[in-house]
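# Examination of the molecular architecture
Each chain is listed here by its residues.
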Amino acid sequence: MRISSFLAGVAMLLPAAAYPCTSLIAGKNATTDGSVLVTYAADSHTLYGELYHNPGGTHEPGEMRKIYEWDSGKYLGEIPQVARTYTTVGNMNELGVTIAESTWGGRPELEDTTGIMDYGSLIYVTLERAANAREALKIMTDLVAEYGYHSSGESFSIADPNEAWVMELIGKGGKEKGAVWVARRVPDDCISGHANHPRIHQFPLNDKETLYSPDVIEFARKQGYYKGKDEDFSFSRAYGVLDGTATRGCDGRVWSYFNRYAKGMDKYLPWILDAEGEAMPLWVKPDEKLTVDGMRRMMRDHFEGTPMDMTKDVGAGPYKVPYRWRPMTFEVDGKEYLNERAIATQQTGFSFVSQMNDAHPEAMKGILWFGTDDANTCVYVPMYCCLTEVPYEFAHGNGDMLTLSWDSSFWVNNYVANQAYNRYSQMIDDIRRVQDAEEQTLDTEVKALLAAAQGLDKDEVAAVARNHSKMASQRYLKNYKSLGDFLLVKYLDGNVKQEKDGKFLRTPEGICAKPDFPGYDERYYRSIVEDTGDHLRVKDFSNK
């Protein structure tokens with residue numbers, strides 16, 4: 001017997017809320033290789049990036065499963081354990097089932113602190129028990145019905161190698177037990193996503209690809225949230241809160257994803273920018289098929305080339321930095337303004353692209369391309385669903401949010417990223433050079449491993465896959481630490497040292513070649529003049 005230990009062992013060490021987050025989805029007929037793809041960025045200012053792992057096993061009758069709130073580590077209660085549990089690797093289990101989330105809060109009076117199942121525990125307990133996405137849906141909704149829902153409004157991506165669903169769920173505030181929810185299957189040829197605002201509006205009431213709690217509409221009526229016809233009911237409008245940041249700061253991230261892959265998305269800009277006009281659909285059909293690499297790049301999005309492009313306004317500074325420090329809103333002369341909220345953000349704990357494919361060998365049916373810290377500057381390393389041990393570079397206990405470790409992926413990625421936040425336009429090409437090389441190498445190795453697996457038995461495939469995750473983690477971390485060192489030396493003191501092919505240039509006498517002094521851009525200099533007038537102007541004393 002192997003006792004479930006993940007939450008019981010580390011819950012008290014887990015940091016606060018992974019909120020807000022982004023999850024993107026692509027159906028199997030919307031991808032080049034027939035994979036179902038799901039992404040997730042766990043965004044929080046206190047979440048340490050590491051890869052969770054919980055071994056599956058068999059359990060005795062009467063054994064109980066302790067539940068700890070994921071955000072706080074607070075003990076919530078316990079539920080009966082099931083006879084057999086699956087091994088989980090991050091947000092994926094050994095069968096390739098993946099669950100991601102984004103929190104939207106919703107009506108505050110519907111939070112129920114008496115429930116046992118918080119959103120994080122709901123994810124990880126379900127991954128331990130579900131063989132496929134539909135089974136996961138039933139397990140999740142049964143758990144909250146029986147034990148109550150402890151968290152606020154939540155969207156979930158629930159997927160397996162054959163299909164993907166979006167489920168949105170909110171509690172009943174202690175007024176009644178359980179939760180109200182709706183789930184819709186994403187068409188296989190479409191893409192979808194959610195980002196901290198409920199995305200399901202009207203939904204068909206008699207459709208096998210749409211599931212919902214029996215009282216989802218009636219409960220809204222009883223609470224005074226809705227008065228219309230059943231067929232006109234919008235889950236999002238009834239249970240969500242449409243404030244000044246909900247569409248632009250939340251739906252805007254999904255819009256950017258849709259806009260990257262489908263024409264005609266400008267028609268939804270009034271909704272995104274002003275909450276006017278037609279609400280953006282839950283899914284769209286892309287004009288081209290997606291790849292794992294495309295999804296990785298989408299997780300690095302800062303609205304480039306759109307009206308919300310974060311490199312264009314004065315907030316980007318002289319180095320076109322696509323980041324804004326929190327808080328997200330600010331006040332000037334009594335008026336409130338907001339900073340853009342893109343998919344890629346500095347406060348990400350971890351993120352992933354989950355690749356699920358039934359055509360792959362069993363040990364590689366699910367590949368969790370996993371990265372820590374900012375998705376824009378991380379490297380996504382393949383973690384296979386057959387892992388029995390997490391590579392040390394990503395393991396729990398290797399550093400934490402207050403303990404720097406140079407062997408930790410999270411800390412080394414921060415070493416690289418935080419240098420770029422100061423001089424982004426100068427450094428990002430150097431980062432992309434190493435990042436692209438790492439990921440292209442990994443793509444090639446995974447393809448070779450998949451090809452070689454045809455001649456191996458399942459145990460041999462699993463052994464090779466596990467070794468690949470371990471080797472790839474070590475190699476990437478070494479190269480990224482060297483990248484951080486390179487950035488520090490090259491851009492020291494505001495200068496840019498001369499280099500060729502990654503080697504710094506010296507004079508014939510062996511000393512450092514004279515660096516470049518790039519200064520600032522014209523817009524920055526002009527803003528100084530506009531602010532100071534002639535105070536800094538060079539005066540002509542030649543006639544004195």
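Reference entry: report on the structure contained in this document. (Residues numbered from 1 in each chain as written. Predicted model: local features only at pLDDT ≥ 70, side-chain atom pairs only at ≥ 80, totals over all residues. Heavy atoms only, no water.)

### Considerations on helix 6 (residues 246–261)
We count it as follows: For helices the rule is a DSSP run of H or I covering at least 4 residues; for strands it is a run of E covering at least 2, with both sets numbered from the N terminus onward. A helix is expected to span 1.5 Å for every residue after the first. Here the bend at each residue means the angle between axes fitted to two seven-residue stretches, the one ending at that residue and the one beginning there. The classification of residues rests on relative accessible area computed with a 1.4 Å probe and restricted to protein chains. Under 20% of the type maximum is buried, over 50% is exposed, and intermediate values are partly exposed.
Along its 16 residues, helix 6 runs 23 Å from first to last C-alpha, staying within 8% of the 22 Å computed at 1.5 Å per residue. At Gly252, helix 6 shows its maximal bend, which comes to roughly 45°. Within helix 6, 13 of the 16 residues are buried, which leaves it mostly tucked inside the rest of the structure.

### Structural notes on the environment of Val216
Here Val216 is to be found in helix 4 (residues 216–222). The class of Val216 is buried, set by a relative accessible area of 1%. Sequence spacing of Val216 and Thr441 is 225 residues, and the spatial spacing of their C-alpha atoms is 48 Å.

### As for the packing of helix 9 (residues 409–420) against helix 11 (residues 458–490)
To keep it simple, the criterion reads: For helices, the axis comes from a line fit to the C-alpha atoms of the stretch in contact; other axes are also lines fit to C-alpha atoms, and the angle between any two N-to-C directions lies between 0 and 180 degrees. Roughly parallel means an angle under 35 degrees; roughly antiparallel means over 145; roughly perpendicular covers 65 to 115; every other angle is labelled oblique. What makes a crossing left-handed is the near helix being turned counterclockwise from the far one by less than a right angle; a clockwise turn instead makes it right-handed. We call two residues in contact whenever any of their non-hydrogen atoms come within 4.5 Å of each other. Three classes are used, and their members are as follows: Ala, Val, Leu, Ile, Met, Phe, Trp, Tyr, Cys and Pro are nonpolar, Asp, Glu, Lys and Arg are charged, and the others, Gly among them, are polar.
It is the contact of helix 9 with helix 11, at a shortest axis distance of 9 Å, that shows an interaxial angle of 30°. With respect to helix 11, the element helix 9 is oriented roughly parallel. Helix-helix and strand crossings are classified by hand; for helix 9 and helix 11 the assignment is left-handed. Each of Ser409, Val412, Asn413, Tyr415, Val416 and Gln419 in helix 9 lies in contact with helix 11, whose residues at this interface are Tyr476, Leu477, Tyr480, Lys481, Leu483, Gly484, Asp485, Leu487 and Leu488. Within the contact of helix 9 with helix 11, the residues separate by chemical class into nine nonpolar, four polar and two charged.

### So, empty space enclosed by the protein
Which entries qualify depends on this criterion: We place a 1 Å grid over just the protein atoms. Points where a 1.4 Å probe fits but has no way out form a cavity, open points with protein on both sides within 12 Å along at least 5 of 7 lines form a pocket, and any residue with an atom within 4 Å of a point lines it. Grid points are joined across faces, edges and corners, and a volume is the space filled by probe spheres set on the points.
This structure, assessed with the given rule, holds one cavity of 30 Å³ or more. Forming the walls of the largest cavity are Met310, Pro322, Tyr323, Arg324, Arg326, Glu340, Arg341, Ala342, Ala344, Thr345 and Gln346. Residue classes in the lining of the largest cavity are distributed as five nonpolar, two polar and four charged.

### Quick notes on unusual backbone geometry
In the segment running from Arg326 into Pro327, the intervening peptide bond is cis, with an omega of 10°. Tracing the chain through its elements places Pro327 in the loop between helix 8 (292–298) and strand 17 (329–332). Although it is not a glycine, Asp501 adopts a positive phi angle of roughly 55°. Relative to the assigned elements, Asp501 resides in the loop between strand 22 (499–500) and strand 23 (503–504).

### Remarks on the pairing of strand 18 (residues 335–338)
Spelled out, the test is: Two strands are counted as paired when DSSP detects at least two bridges linking them.
Two strands pair when backbone bridges link them, and strand 17 and strand 18 are joined in this way by four bridges, in the antiparallel orientation. Counted as the bridge partner of Phe330 is Tyr337 from strand 18.

### Focus: the sheet that holds strand 14 (residues 191–194)
Taken together, seven strands build an open sheet; the order of strands is 16-14-1-2-19-20-21 and the sheet is antiparallel. With partners counted over all chains shown, the strands left at the sheet margins are strand 16 (283–284) and strand 21 (381–384), one partner each. The sheet contact formed by strand 1 (residues 23–26) and strand 2 (residues 36–43) spans two bridges and is antiparallel. Directly across from Ile25, in strand 2, lies its bridge partner Val38.

### Observations concerning the pattern of salt bridges
We count it as follows: By convention in these notes, a salt bridge is any Lys or Arg side-chain nitrogen within 4 Å of a carboxyl oxygen on Asp or Glu.
Applying the stated rule across the entire model yields 35 salt bridges. In this structure, Arg134 and Glu209 form a salt bridge, with 3.1 Å as the shortest nitrogen-oxygen distance. Here Arg134, found in helix 3 (residues 133–147), pairs with Glu209, found in the loop between strand 14 and strand 15 (210–212); they are 75 residues apart in sequence, far enough to count as distant. Judged by its relative accessible area of 38%, Arg134 is partly exposed. Residue Glu209 is classed as partly exposed on the basis of its relative accessible area, which comes to 22%. With a closest N to O distance of 2.8 Å, Glu445 and Arg475 form a salt bridge. One end of the pair, Glu445, is in helix 10 (residues 424–452); the other, Arg475, is in helix 11, and 30 residues separate them in sequence. The exposure class of Glu445 is partly exposed, given its relative accessible area of 21%. Ionic contacts of the salt-bridge type, sharing partners, join the residues Asp293, Arg296, Arg297, Arg300, Asp436, Glu439 and Asp443 into one network.

### Structural notes on the packing of aromatic side chains
Counted only if it meets this: Any two rings among Phe, Tyr and Trp, with Trp reduced to its six-membered ring, count as a pair given centres within 6.5 Å; such a pair is stacked if its planes are under 30 degrees apart, edge-to-face if over 60, and tilted if neither.
In this structure the tally under the stated criterion is 33 aromatic pairs. Considering the side-chain rings of Phe394 and Tyr476, the 6.1 Å spacing of their centres and the 20° angle between planes classify their relative orientation as stacked. With Phe394 in the loop between strand 21 and helix 9 and Tyr476 in helix 11, this residue pair connects regions lying 82 residues apart in the sequence. Among the aromatic residues, ring-to-ring pairing joins Tyr40, Tyr52, Trp70, Tyr119, Tyr124, Phe350, Phe352, Phe370, Phe394, Tyr476 and Tyr480 into one connected group.

### Notes on a nonpolar patch on the surface
The condition that has to hold: Within the patch definition used here, like charges are joined within 9 Å and nonpolar side chains (Val, Leu, Ile, Met, Phe, Trp, Tyr) within 5 Å, considering only residues with over 30% relative accessible area and no salt bridge. Per-residue and other accessible areas were derived by the Shrake-Rupley procedure at a 1.4 Å probe size, with only the shown protein chains allowed to occlude residues.
Together, Leu488, Val489, Leu492 and Phe504 line one region of the surface with nonpolar side chains, adding up to about 300 Å² of accessible area. Turning to its location among the elements, Phe504 is positioned in strand 23.

Any functional reading would require information beyond the geometric quantities listed.
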